[in-house]
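The residues making up each chain are set out below.
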Amino acid sequence: MVVPVQPTVDPLKAARRAGDPACDVYLTGTVFLDIIFTGLDSAPVRGTESWARGMGSSPGGVANMATALARLGLHTSLAAAFGDDHYGEYCWDALEGGEGIDLTSSRIVPGWHTPVTVSMAYEGERTMVSHGHEPPPDADAPDGGAPSCPPRARAAVASLTPGVSAPWIAQAARSGTRIFADVGWDDTGRWDLAALPDLGHCEAFLPNAEEAMRYTRTSCPRDAARALTEHVPLAVVTLGAEGAYAVDRRTGETAEVPAIEVEALDPTGAGDVFVAGFVTGTLAGWPLADRLAFAGLTAALSVQEFGGSLSAPGWAEVGGWWRRVREFDEQDPAALRRYSFLEALLPAQGRPWPLRRAVPTIGFRSA
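Residues numbered from 1 in each chain as written. Predicted model: local features only at pLDDT ≥ 70, side-chain atom pairs only at ≥ 80, totals over all residues. Heavy atoms only, no water.

## Description of the overall build of the protein chain
Right, on to step 1. Across its full length, the protein chain holds nine helices and 14 strands.
Right, on to step 2. Within the protein chain, the proportion of its 367 residues that are buried is 51%.
Right, on to step 3. Long-range pairs, those at least 24 residues apart, make up 68% of the contacts in the protein chain with a sequence separation of at least 6.
Right, on to step 4. Roughly 17,200 Å² of accessible area belongs to the protein chain as shown, and the carbon and sulfur atoms make up 53% of that amount. (Helix = DSSP H or I, 4+ residues; strand = E, 2+ residues; numbered from the N terminus. Buried < 20%, exposed > 50% of the residue type's maximum accessible area, 1.4 Å probe, protein only. Contact = heavy atoms within 4.5 Å. Areas by Shrake-Rupley, 256 points an atom, 1.4 Å probe, with all protein chains shown as cover.)

Dropping the structure here:
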């Protein structure tokens, strides 16, 4: 039996009102089974066998984002297709039973096998090999598996694809859902914002620095963020080891927060965790700089564990980090003050640091 992870904090408690949507965040996409090998000293060499010192299995793909949101205490609804194989059963059970994610809008597809990604982490980077097929169309879900009528939600996270429009995004926005969007690499090489028609329905756009500069034809990520606000109210550009920078066109506010230095084990899913942290802070009504700091913190915590959804931190991990980091006398007081807003959120007691959630492989069951 999988025991659900119970969030210890409701970050939206002060914002909840009678008549609010039951769903805090809605998202849709493809769920993969991720098999992650860690502890490799170098990239695999052709014609040789490499042994990894660690491995794990977990739901991946859009499940990384859904898990990150749920562990931060948001009521999360996921619309996805699941194969009727053992991998699909495992992913469904891990997400619904283990993380408390609402899968009412999801479906099990008979005869369709679950997409798989094998990820190898080494030297702070990763190499991935994936295999899968598009699920057969669902007559009740014409939008690539997304329901034609998405549920009411405070927010939705959309992954934009150049040249593709997802009708559910416009429909959700019209119903009052706040849309947060990220984007993948543009394989066409055009980098044309006009090819992202759904961006006009979004409240926030969160590309990385390279993507932002290519889309805006700028050479500085901060200039790129400012240019993006001509197309979306709030632009957040992640700067890798430098942190993140954001501009809110509606208020004129800008914020920049440096990254937390950590020893990275596996960067899988860190971008999803960053978005989840930023969405959480936005829905809770935090100042822009606090949202950036929290998003960066959750992403930093995630890369210290292996896997995507496995490594997503919850409030216990955030609390454990906050208590632990203040034990070191050499900490910069100004840097600590940047995260002092956590004091009002975190429970008085927490588990010791470091914390572990990962289950080694599918073959093991948690009691």
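## Examining the nonpolar core
One recurring pattern in soluble globular proteins is that nonpolar side chains are buried together.
Right, on to step 1. If you look at the biggest cluster of nonpolar residues, it comprises 63 residues, and the most contacted ones within it are L69, L78, F278, V279, L292, Y339 and L342.
Right, on to step 2. Counting residues per element, this core draws most heavily on helix 7 (residues 288-302), which supplies eight residues.
Right, on to step 3. Those residues in contact with L78 that sit more than four places away from it in its chain are L27, T28, V31, V62, A66, L95, I101, D102, L103, S105 and S106.
Right, on to step 4. A172, C202, Y215 and L228 belong to the second-largest nonpolar core, a separate cluster that totals 33 residues. (Core = buried A, V, L, I, M, F, W, Y, C linked by side-chain atoms within 4.5 Å.)

## So, the packing of helix 6 (residues 270-283) against helix 7
Right, on to step 1. Look at helix 6 against helix 7: their axes get within 8 Å of each other, and the N-to-C directions meet at 150°. Relative to helix 7, helix 6 is oriented so that their crossing is right-handed. On the side of helix 6, the interface is formed by A270, V273, F274, G277, F278, T280, G281 and T282, while helix 7 contributes L288, R291, L292, F294, A295, G296, T298, A299 and S302.
Right, on to step 2. The class makeup of the residues in the contact of helix 6 with helix 7 is nine nonpolar, seven polar and one charged. (Axes fitted to C-alpha atoms, helices over the stretch in contact; angles between N-to-C directions. Left-handed = near helix turned anticlockwise from the far one by under 90°. Nonpolar A, V, L, I, M, F, W, Y, C, P; charged D, E, K, R; others polar.)

## Quick word on the packing of helix 1 (residues 62-71) against helix 6
Right, on to step 1. The geometry of helix 1 relative to helix 6 is characterised by a closest axis approach of 8 Å and an angle of 40° between their N-to-C directions. Crossing of helix 1 over helix 6 shows right-handed handedness. Together, N64, M65, A68 and L69 of helix 1 and D272, V273, V275, A276 and V279 of helix 6 make up the contact between the two elements.
Right, on to step 2. Here the residues of the contact of helix 1 with helix 6 are counted per class, giving seven nonpolar, one polar and one charged.

## Points about the packing of aromatic side chains
Right, on to step 1. Tallied over the entire structure, the rule returns nine aromatic pairs.
Right, on to step 2. Taking the centre distance of 4.7 Å and the plane angle of 80° together, the rings of W185 and W191 count as edge-to-face.
Right, on to step 3. Residue W191 is classed as buried on the basis of its relative accessible area, which comes to 5%.
Right, on to step 4. On the numbers, 5.0 Å between centres and 75° between planes, the contact of W191 with Y215 is edge-to-face. Here Y215 lies in helix 4 (residues 209-216) and W191 lies in the loop between strand 10 (178-183) and strand 11 (204-205), a separation of 24 residues in the sequence. (Phe/Tyr/Trp six-rings, centres within 6.5 Å; stacked < 30°, edge-to-face > 60°.)

## A closer look at helix 3 (residues 167-174)
Right, on to step 1. Of the positions making up helix 3, those classed as buried are W168, I169, A170 and A172.
Right, on to step 2. Backbone geometry just after helix 3 places G176 at a positive phi near 100°.

## Overview of the sheet that holds strand 1 (residues 23-28)
Right, on to step 1. Taken in spatial order, the eight strands line up as 4-1-9-10-11-12-13-14 in an open sheet, and their pairing is mixed. Whereas interior strands pair on both sides, the edge strands pair on one side only; in this sheet they are strand 4 (76-79) and strand 14 (254-257).
Right, on to step 2. Alignment of strand 10 against strand 11, held across two bridges, turns out to be parallel. The partner of F180 across the bridge, within strand 11, is A204.
Right, on to step 3. Contacts from helix 7 reach strand 12 (234-238), strand 13 (244-248) and strand 14 within the one sheet, and its direction differs from that of strand 14 by about 30°. (Pairing = 2+ DSSP bridges.)

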